[in-house]
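One-letter residues, chain by chain:
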Amino acid sequence: MSDIKKLAGQTAVYGIPTIVGRFLNYFLVPLYTYNIAASAYGMVSELYAYVSFLMIILTYGMETAFFRFSQDYDKGKVFNTAMLSLFCSSTLFLIITFVCLNPITSALEYDNHKDYIVLFLLILALDTLRAIPYALLRRENKAKRFAMIKTIDIFSNILFNLFFIALCPFLLKHYSPSFIASWFRSDDLVFYIFLSNFFASAISFLLLLPEYKTFRFDFDFKLLKKMLTYGFPVMIGGLAGMINETFDRIALKHIVNVPTDIDTSQNSAWKMSQIGIYGACYKLSIVISLFIQAFKFAAEPFFFSKMKKNDAKRSYSSVMTAFVMFLSLIFLVVMCYIDIFQYFMGREYRVGLAVVPILLMANIFLGIYYNLSIWYKVTDKTKWGAIIAVIGAVITLAGNYLLVPNMSYMGAAITTLVCYVAIALICYFVGQHYYPVKYNIKRCLMYILLALVLYAFSEVLHCFDLGTFVNILVGTILIVLYLAIAYKMDIKRMLQER
């Protein structure tokens, strides 16, 4: 079986539960945006942005280090060393943050919502302790068990959200049962978004108990030093990368200029509404992000397993072409059917739809960067990952500082695109020096340009206001045209490879 087919199969096994589950989770967006004001939903987007940073700090590159060192050391010893390290650091984190809870909530301006912060601290600890067991399942190719736990995690979160945000308010409104009225906070639905996440994390934590039971106090301090040395640049790169991904939601709150026609007393609510609108529209680009996440689950162990083989570089090149071809298709599907996708958000949020194509294209280049980044992982030059990510972070900080004050979330979206294009280019040119791979750049650019041209044609037709049915019909034709060209150029050959 060809490398493309093998990786596609692994991506499907690892990713289908994630993609399907998160796509269903994607249906929570209308649940939130039709029931929660943009200013309140802004708190959800902001706090999840902070969580993204903290998760990288709390795992400090141990997941990637586990994959790397389990190739050369006893897998059990690597697992034990990583788990004990994360357990100690997570426990210390919880102790410090709970002691300093009041200053933390004051600094974040959440004095009236300390329960949000407490839930997030617990979620962070649980998610950190799940990182290495999940990595162990991937390392042992236990894809079915990995997929099962991930599926339960995602679906339980969805079910809890439906219960708290849809069912409970419905029952209170029409039947007013005392067993719900006595505890349910109908004026604070945001709390139940976070509570649902906590319950889901706790359930998946319990499902991983068989993996935790394999832990032994077989701790190797010298190995830990090597893992930390390897993982620290990964963490720095991850933090810088997370600035690129989520800083814009934080920046919107602190540096955006409030229009003069907004009453001063509504300044804070207006800023949070900008975060909420941007966060909801960002969800429309999550389709590409979901595929990238599924791809990463399968690609990291796959790339490491290929690193010492003679055809490794050829495989990396073939994977890149197929990857860009598929991501460009996703871009085209979302934009050609935007007349449908817009109804996944409440009317208040649709004013931000103009950022969607920008964010989709940005995520394509982010995916390209993830593909290119294999060179510094297989050559143990992870410091380059940190350097490139820091450069991206500087671009993000500068871009947001320059564009967000007057352009609000549109400036944030443009900055995201510029950043991801820049880090992909830097990673490519530096990688060609240390670990040259003959990527089919012309073919990759052709797929991106093809998707953009077809999308531009659909936008021109939108100007004639031909109606939703005609727009969807034309969009379908354009998608079929893209697939026909891709089939003739690459898909047919890929299917025939053995």
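An account of the accompanying structure is given in this report. (Residues numbered from 1 in each chain as written. Predicted model: local features only at pLDDT ≥ 70, side-chain atom pairs only at ≥ 80, totals over all residues. Heavy atoms only, no water.)

## Some thoughts on the packing of helix α17 (residues 356-372) against helix α21 (residues 441-462)
- Where α17 contacts α21, the two axes come as close as 12 Å, and the packing angle between them is 170°. As far as their axial angle goes, α21 and α17 are roughly antiparallel. Facing Pro 357, Met 361, Ile 364, Phe 365 and Ile 368 of α17, the residues of α21 in contact are Ile 448, Leu 452 and Tyr 455.
- Tallied by class, residues from the contact of α17 with α21 come to 8 nonpolar, no polar and no charged. (Axes fitted to C-alpha atoms, helices over the stretch in contact; angles between N-to-C directions. Helix = DSSP H or I, 4+ residues; strand = E, 2+ residues; numbered from the N terminus. Parallel < 35°, antiparallel > 145°, perpendicular 65-115°, else oblique. Contact = heavy atoms within 4.5 Å. Nonpolar A, V, L, I, M, F, W, Y, C, P; charged D, E, K, R; others polar.)

## Considering the packing of helix α15 (residues 312-336) against α17
- Between α15 and α17, the least distance of the axes is 10 Å, while the angle of their chain directions is 165°. As judged from the angle between their axes, α15 and α17 are roughly antiparallel. Both α15 and α17 take part in a crossing whose hand is right-handed. In contact with Val 319, Met 320, Phe 323, Val 324, Leu 327, Ser 328, Phe 331, Val 334 and Met 335 of α15, α17 contributes Val 356, Pro 357, Leu 360, Met 361, Asn 363, Ile 364, Gly 367, Ile 368, Asn 371 and Leu 372.
- Counted by class, the contact of α15 with α17 contains 15 nonpolar, 4 polar and no charged residues. (Left-handed = near helix turned anticlockwise from the far one by under 90°.)

## A short note on the pattern of salt bridges
- Going through the model one piece at a time under the given rule, you end up with 8 salt bridges.
- With a closest N to O distance of 2.8 Å, Arg 145 and Glu 211 form a salt bridge. Taken together, the positions of Arg 145 in helix α8 (residues 143-174) and Glu 211 in helix α11 (residues 209-212) put the pair 66 residues apart, joining distant regions of the chain.
- Here the salt bridges do not stand alone but share partners, grouping Glu 46, Glu 109 and Lys 253 into one network. (Salt bridge = Lys/Arg side-chain N within 4 Å of Asp/Glu carboxyl O.)

## Observations regarding the state of the cysteines
- Following the criterion strictly, the structure yields 0 disulfides and no others.
- Cys 419 forms no disulfide, and the closest cysteine sulfur to it belongs to Cys 427, at a distance of 12 Å. (Disulfide = S-S within 2.5 Å.)

## Details of the packing of aromatic side chains
- Going through the model one piece at a time under the given rule, you end up with 34 aromatic pairs.
- Consider the rings of Trp 375 and Tyr 434, whose centres lie 5.7 Å apart with planes at 0°: the pair is stacked. Within this pair, whereas Trp 375 is found in helix α18 (residues 374-378), its partner Tyr 434 is found in helix α20 (residues 409-434), the two being separated by 59 residues in sequence.
- A relative accessible area of 3% places Trp 375 in the buried class.
- For Tyr 434, a relative accessible area of 35% puts it in the partly exposed group.
- Three or more aromatic residues joined by ring pairs form one cluster here, namely Phe 160, Phe 163, Phe 164, Trp 183, Phe 184, Phe 191, Tyr 192, Phe 198 and Phe 199. (Phe/Tyr/Trp six-rings, centres within 6.5 Å; stacked < 30°, edge-to-face > 60°. Buried < 20%, exposed > 50% of the residue type's maximum accessible area, 1.4 Å probe, protein only.)

## Section: the environment of Pro 436
- Relative to the elements of secondary structure, Pro 436 occurs in the loop between α20 and α21.
- Considering only alpha carbons, one finds Pro 436 and Lys 271, 165 residues apart in sequence, at a separation of 46 Å.
- Beyond its immediate chain neighbours, meaning those up to four positions away, Pro 436 contacts Lys 313 and Gly 431.

From the geometry alone we can't say anything about function, so treat these as descriptive.
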